[in-house]
Amino acid sequence: MKHYIIAKFKNREDTERLLPEITELFNRTLEIEGVDAVVIHKNNSTRENRFSIMIEMTVTPEGLERYDVCEPHKLWKSKYGSLLEAKAIFDCEE
């Protein structure tokens, strides 16, 4: 299945500044059994009403459960949550 995290930073400059460390953080989730792929897409539009990044994960249902309780997910929420204006989570079949 696909698990998408779509996030908009309060400060648009945070996208460029934080992208390398967010990429590194989510690449750590590949060590979790059932997390098969991670791709981070950066928005290429300068329009104010656009989200900043989309994190696309390919996971099994069990992998998603493991991801929910893993250290990178906890760090994502604690370190970056307050920097976000908005976030959407979307799960679907491939």
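Our structure's up above, just so we're on the same page.
What comes next concerns the included structure. (Residues numbered from 1 in each chain as written. Predicted model: local features only at pLDDT ≥ 70, side-chain atom pairs only at ≥ 80, totals over all residues. Heavy atoms only, no water.)

1. With respect to a negative patch on the surface
Note the cut-off: Patch criteria: residues need more than 30% relative accessible area and no salt bridge. Like-charged residues are merged within 9 Å; nonpolar side chains of Val, Leu, Ile, Met, Phe, Trp and Tyr are merged within 5 Å. All accessible-area figures derive from a Shrake-Rupley calculation using a 1.4 Å probe, and residue coverage is judged against the displayed protein chains alone. Salt bridges are defined as contacts in which a side-chain nitrogen from Lys or Arg sits within 4 Å of a carboxyl oxygen from Asp or Glu. Charge counting treats Lys and Arg as positive and Asp and Glu as negative, with His and both chain ends excluded. Every charge is mapped to an atom, namely NZ of Lys, CZ of Arg, CG of Asp or CD of Glu. To qualify as a helix, a DSSP run of H or I must reach at least 4 residues; to qualify as a strand, a run of E must reach at least 2; elements of each kind are numbered from the N terminus.
On the surface, a cluster of negative charge is made up of E33, E62, E65, D68 and D91. The dominant element in the negative patch, judged by the number of residues it contributes, is helix α2 (residues 61-68), at 3 residues. Mapped onto the elements of the fold, D68 is located in helix α2.

2. Topic: the packing of aromatic side chains
Given two aromatic rings, their pairing is described by the distance between the two centres and the angle made by the two planes. How we decide: Two rings belonging to Phe, Tyr or Trp (six-membered ring only in the last case) form a pair when the distance between their centres is within 6.5 Å. Interplanar angles under 30 degrees mark stacking, angles over 60 mark edge-to-face geometry, and anything in between is tilted. Whether a residue is buried, partly exposed or exposed follows from its accessible area with a 1.4 Å probe, protein chains only, as a fraction of its type maximum: under 20%, in between, or over 50%, in that order.
Counted under the stated rule, the structure contains 4 aromatic pairs. With centroids separated by 5.4 Å and ring planes inclined at 75°, the aromatic side chains of F26 and W76 adopt a geometry described as edge-to-face. Note that F26 is positioned in helix α1 (residues 13-27) and W76 in helix α3 (residues 71-80), a separation of 50 residues in sequence. Summarising the burial analysis for this pair, F26 and W76 share the class buried. Joined through ring pairs, the aromatic side chains of F26, Y67, W76 and Y80 make up one cluster.

3. Section: the nonpolar core
Taken as a class, soluble globular proteins show a tendency for nonpolar side chains to be buried jointly. This is how it is decided: The set of buried Ala, Val, Leu, Ile, Met, Phe, Trp, Tyr and Cys residues whose side-chain atoms join them within 4.5 Å is what this entry labels a nonpolar core. Should any heavy atoms of two residues lie within 4.5 Å, those residues are considered in contact.
Ranked by internal contacts, the top residues of the largest apolar core, which has 21 residues, are I22, F26, I53, I55, M57, Y67 and W76. Considering every element that reaches this core, the biggest residue donor is α1, with 5 residues. Excluding anything up to four places from it in sequence, I22 contacts F9, I40, I53, I55, W76 and Y80.

Honestly, that's just the spatial picture; any functional story needs more than this.
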